[in-house]
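Structural overview
Below are the chains, spelled out letter by letter.
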Amino acid sequence: MMDIIQNRSDRFLRLRDVMEVTTLCRSSIYILIKAGEFPSNYAIMGKRKAWLESEVQAWLLARVSASY
């Protein structure tokens, strides 16, 4: 968790941002999270949830690497 704090260029993404970046729909994202195949979100405040951009980008890069 300290790496997250130290990486100040990292930012939180809302669900709609994650959907846009990954081209996945909401239900697919949550199915993948439940299966342990997509980064989990973080509770920011109350019911507000967000994903770390670096974790989503790492997931995308892993998908590209796996396709080769």
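Quick look at the structure, then. Computed from a predicted structure; not experimentally measured.

Cut-offs used in this document
- Residues numbered from 1 in each chain as written.
- Predicted model: local features only at pLDDT ≥ 70, side-chain atom pairs only at ≥ 80, totals over all residues.
- Heavy atoms only, no water.
- Core = buried A, V, L, I, M, F, W, Y, C linked by side-chain atoms within 4.5 Å.
- Buried < 20%, exposed > 50% of the residue type's maximum accessible area, 1.4 Å probe, protein only.
- Helix = DSSP H or I, 4+ residues; strand = E, 2+ residues; numbered from the N terminus.
- Contact = heavy atoms within 4.5 Å.
- Axes fitted to C-alpha atoms, helices over the stretch in contact; angles between N-to-C directions.
- Parallel < 35°, antiparallel > 145°, perpendicular 65-115°, else oblique.
- Left-handed = near helix turned anticlockwise from the far one by under 90°.
- Nonpolar A, V, L, I, M, F, W, Y, C, P; charged D, E, K, R; others polar.
- Pairing = 2+ DSSP bridges.
- Phe/Tyr/Trp six-rings, centres within 6.5 Å; stacked < 30°, edge-to-face > 60°.

What follows deals with the nonpolar core. As a rule of thumb, nonpolar side chains are buried together in soluble globular proteins. Core analysis: the largest hydrophobic core is formed by 10 residues, namely Leu 13, Leu 15, Val 18, Ile 29, Leu 32, Ile 33, Phe 38, Trp 51, Val 56 and Trp 59. Of all elements in the fold, only helix H2 (15-22), helix H3 (26-34) and helix H4 (53-66) reach the threshold of two or more residues within this core. If one sorts the elements of this core by residue count, H3 sits on top with three residues. Beyond its immediate chain neighbours, meaning those up to four positions away, Val 56 contacts Leu 13, Val 18, Val 21, Thr 22, Phe 38, Pro 39 and Trp 51.

Two elements in contact, H2 and H4, have axes separated by 11 Å at closest approach and are oriented at 20°. Overall, the two elements H2 and H4 adopt an arrangement that is roughly parallel. Pair H2 / H4 crosses with right-handed handedness. Only Val 56, Gln 57, Trp 59 and Leu 60 of H4 make contact with H2, whose side of the interface consists of Val 18, Val 21 and Thr 22. When grouped by side-chain class, the residues that make up the contact of H2 with H4 number five nonpolar, two polar and no charged.

Looking now at the sheet that holds strand E2 (residues 42-45). Pairing within the open sheet is antiparallel, and its three strands lie in the order E1-E3-E2. What marks the edges here is a single partner per strand, and that holds for strand E1 (12-13) and E2. In terms of strand pairing, E1 meets strand E3 (residues 48-52) through two bridges, oriented antiparallel. Bridged to Phe 12 within E3 is Leu 52. The sheet contacts of H4 involve E1, E2 and E3, and relative to E3 the element is tilted by about 55°.

Next up on the list: the packing of aromatic side chains. Across all of its chains, the model carries two aromatic pairs by this definition. Relative to Trp 59, the ring of Phe 38 lies with its centre 4.7 Å away and its plane at 70°, an arrangement referred to as edge-to-face. Of this pair, Phe 38 sits in the loop between H3 and E2 while Trp 59 sits in helix H4; the two residues are 21 residues apart in sequence, bridging distant segments of the chain. A single burial state applies to Phe 38 and to Trp 59, both of which are buried.

What follows covers unusual backbone geometry. Residue Thr 23 is not a glycine yet carries a positive backbone phi of 65°. By the secondary structure assignment, Thr 23 is in the loop between H2 and H3.

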